[in-house]
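# Results of the structural survey
Each chain, letter by letter, is given below.
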Amino acid sequence: MLTVDAIAVLVSIATAFLVPVHGVDVLRFAVLALCAAVAIELTRQFESRREYARTSTVPYIDTKAVWSFAAVVVLPPVLATAMVVFTYTLAWFRVQPNRQKLPYRWIFSSATVLCGTHAAVAVLAVGMAGYPRAPGEATWVGLMDLGIVACAAVVRWAINLGLIMTAIALSKPTVTARELFANFGEQLLEAGAIGLGLVAAAVVVTNPFVLPGIVIAMIALHRGILLSQYQEASRVDSKTGLTTAGWWHDFAERSLARARDRDETLGLLIVDLDHFKNINDTHGHPYGDSVLKAVARELMAEIRDNDACGRWGGEEFVVVLPDVGTQQNLHNVAERIRRRVQSIVVQPPGQDLPAAEIGITASVGGAIFPSAGITSIDELLLAADTALYAAKNSGRNTVRLGGSDVPALPKQRALPQQAEPPNARG
């Protein structure tokens, strides 16, 4: 991070005096800065909610790129640098959650944008004849120049995103590729912001009075980003970070349809923690929550990228495994999960009892498609649920799969439509 900060400072100083600044440049900077300040103020509440909901493994979507990229296109490099510093400084003080964060992260984000900004300036200087244009000349004169500007935009976006992802990967060695690219589709929104910056560059040269329209577009863009984050939140269990029961069920249904079409197998596991009510009653619910998080981490470490793991309710988890192969493969996965849970050590806060003596274990029930009598996800869930009851009745901390190894039970429980309340099975 310090290396990137240093590079940003050096390139900003190196380019500061290469191009003279004219009075019209200062006027255009003032107009863009004013619009940026208004946009930041009007979208402050959206930004606060967005920052509050964002996790540390998700790259930041910089909607301020509208103004900083417009400055790259129409202003000398020193003023383009000033625009980045101005917008990030203003956002730091006006977007409340950012004050609660460590300043060096915000500085690093600014530095990555500055590196991308000066890389974009280099693309424009090499590819566009006569860049930067003299005051009064058109910003670009044809499709070729427009293509160079588009290339500069891509370079700016790629360098910024690449540096941020590299920093996340280095600071969190356990982060998975899935987590790192979780919101990659949302990065198109930042591409949209850069596209608006291209429009803002043309408008500030030809008719600055049209710029309020871009501010309105920025408000709509922030609403779109916030809606996307709310949709993401609706599919993630806040306590464990796994998918919610509803989203997992939808994914499992799609996976079953795909398995049926491709003549593949589909495995399903239900993992239920043993005596979890006793853990909560003895050590408290905060400790129980820590156990749930630890189990979720072990589940995610065991499954493949194309599998899905969700919290089904209380201390119960579900895993769907597309194209799992044979029933023996499914049993092997279930057994590895059981052993992972058994190895979990979570120290109770403020207690002298060794964590290893608490004995965190899980019973696992599973079923595989195709099997006789199973044509839907709910039937597959019921078969796995029946196998889980067999595991519980066999003494817990064991694995049972639907099929010949599951003894007949006097009464089968009907699978609920909604998540089961905590501690229902014990």
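As shown above, the structure is provided for reference.
Attention in this report is confined to the structure presented alongside it. (Residues numbered from 1 in each chain as written. Predicted model: local features only at pLDDT ≥ 70, side-chain atom pairs only at ≥ 80, totals over all residues. Heavy atoms only, no water.)

### A word on the nonpolar core
The condition is simple: Buried Ala, Val, Leu, Ile, Met, Phe, Trp, Tyr and Cys residues form a nonpolar core when they are joined through side-chain atoms within 4.5 Å. Between buried and exposed lies partly exposed: a residue is buried under 20% and exposed over 50% of the maximum accessible area for its type, with that area taken using a 1.4 Å probe on protein chains only. Runs of H or I in DSSP of at least four residues are treated as helices and runs of E of at least two as strands, each being numbered from the N terminus.
Counting 39 residues, the largest nonpolar core has Leu32, Trp67 and Leu124 as the members making the most contacts within it. Where this core is concerned, the elements lending two or more residues are helix 2 (23–42), helix 4 (65–74), helix 5 (77–94), helix 7 (103–127), helix 8 (143–171), helix 10 (187–206) and helix 11 (211–234). Listed in part, the 32 residues of the second largest apolar core include Ile279, Leu292, Val364 and Val399.

### Section: the sheet that holds strand 2 (residues 308–313)
Sheets are built from strands paired through backbone hydrogen bonds, the pairs being either parallel or antiparallel. What counts is decided by this rule: Strand pairing is assigned whenever DSSP detects at least two bridges linking the two strands. Under this scheme, a helix contributes an axis fitted over its contacting stretch, all axes are lines through C-alpha atoms, and angles between N-to-C directions fall in the 0 to 180 degree range. Contact criterion: two residues are considered in contact whenever any of their non-hydrogen atoms come within 4.5 Å of each other.
Read from one edge of the open sheet, five strands run 2-3-1-4-5, paired in mixed fashion. Since the sheet does not close on itself, it has two edges, and those belong to strand 2 and strand 5 (399–401), each with one partner. Each adjacent strand pair in this sheet contributes to an overall mean axis angle of 20°, direction not counted. By the bridge criterion, three bridges tie strand 4 (residues 362–369) to strand 5 in an arrangement that is parallel. Paired with Gly365 across the strands is Arg400, a residue of strand 5. This element, helix 14 (residues 285–302), spans strand 1 (266–273), strand 2 and strand 3 (316–322) of the sheet and lies at about 155° to strand 1.

### Some details on helix 8
Note the threshold: Helix span is expected to be 1.5 Å times the residue number reduced by one.
Look at helix 8: 42 Å from first C-alpha to last across 29 residues, which is about the 42 Å you get at 1.5 Å a residue. Within helix 8 the residues assigned to the buried category are Asp145, Ile148, Val149, Ala152, Ala153, Arg156, Asn160, Leu161, Ile164, Met165, Ala167 and Ile168.

### Things to note about the packing of aromatic side chains
To keep it simple, the criterion reads: Pairing of aromatic rings covers Phe, Tyr and Trp, the last through its six-membered ring, and needs centres within 6.5 Å; plane angles under 30 degrees mean stacked, over 60 mean edge-to-face, and all others mean tilted. Note on geometry: a ring has a charge over it if NZ (lysine) or CZ (arginine) is within 6 Å of the ring centre and within 35 degrees of the ring normal.
Within this structure, the stated rule accounts for three aromatic pairs. Summarising the aromatic geometry, the rings of Tyr88 and Trp106 are spaced 5.3 Å apart at their centres and angled 55° between planes, so their arrangement reads as tilted. Of this pair, Tyr88 sits in helix 5 while Trp106 sits in helix 7; the two residues are 18 residues apart in sequence, bridging distant segments of the chain. Judged by its relative accessible area of 3%, Tyr88 is buried. With relative accessibility at 10%, the residue Trp106 sits in the buried group. Ring geometry for Trp92 and Trp106: centres 6.3 Å apart, planes at 45°, overall tilted. Of the two residues, Trp92 is situated in helix 5 and Trp106 in helix 7; the sequence distance between them amounts to 14 residues. Overall, the relative accessible area of 15% leaves Trp92 in the buried class. A network of ring pairs unites the aromatic residues Tyr88, Trp92 and Trp106 as a single cluster. Positioned over the ring face of Tyr88 is Lys64, at 4.1 Å from the centre of the ring.

### Remarks on the pairing of strand 4
If a strand is regular, its side chains alternate between the two faces of the sheet. A large share of strand 4 lies buried, amounting to eight of its eight residues. Here strand 4 shows a buried face lined by Ala362, Val364, Gly366 and Ile368 and a second buried face lined by Ser363, Gly365, Ala367 and Phe369.

### Digging into helix 13 (residues 276–283)
Test applied: In this description, one arc is meant: the one made by directions from the helix axis to the C-beta atoms.
The set of residues buried in helix 13 consists of Phe276, Ile279, Asn280 and His283. The buried residues of helix 13 all sit within an arc of 100° when viewed along its axis, so they share a single face. Among the exposed residues of helix 13, those oriented more than 90 degrees off its buried face are Asp281 and Thr282. The inward-facing, buried residues of helix 13 abut strand 1 and helix 14. With its phi angle positive at about 100°, Gly284 sits one or two positions after the end of helix 13.

### Observations concerning the pairing of strand 3
The element strand 3 is extensively covered by neighbouring structure, given that seven of its seven residues are classed as buried. The side-chain alternation of strand 3 yields two buried faces, one formed by Glu316, Val318, Val320 and Pro322 and the other by Phe317, Val319 and Leu321. As paired strands, strand 2 and strand 3 are joined by five bridges and run antiparallel to one another. Residue pairing across strands places Gly310 opposite Val318, the latter belonging to strand 3. Here strand 2 hands over to strand 3 after two residues, with Gly314 in that stretch at a positive phi of 60°.

### Concerning the environment of Ile279
Summarising the element assignment, Ile279 is placed in helix 13. Through-space distance from the C-alpha of Ile279 to that of Val291 is 9.2 Å; in sequence the pair is 12 residues apart.

### Re the pattern of salt bridges
Just so we agree on the cut-off: The salt bridge definition used is simple: a Lys or Arg side-chain nitrogen within 4 Å of an Asp or Glu carboxyl oxygen.
In this structure the tally under the stated criterion is eight salt bridges. Across the pair Asp272 and Lys392 runs a salt bridge whose closest N-O atoms are separated by 2.7 Å. Highlighted residues: Asp272 in strand 1 and Lys392 in helix 16 (residues 377–393), separated in sequence by 120 residues. Residue Arg339 pairs with Glu335 through a salt bridge whose shortest N-O separation is 3.7 Å. Of the two residues, Arg339 and Glu335 are both situated in helix 15 (residues 327–342); the distance of four residues between them amounts to about one turn of the helix. Exposure remark for Arg339: the relative accessible area of 45% places this residue in the partly exposed category. A residue is classified by how much of its surface remains accessible, and Glu335, at 19% relative accessible area, is buried. Among the ionic contacts, a cluster of salt bridges with common partners joins Glu298, Glu302, Arg336 and Arg340.

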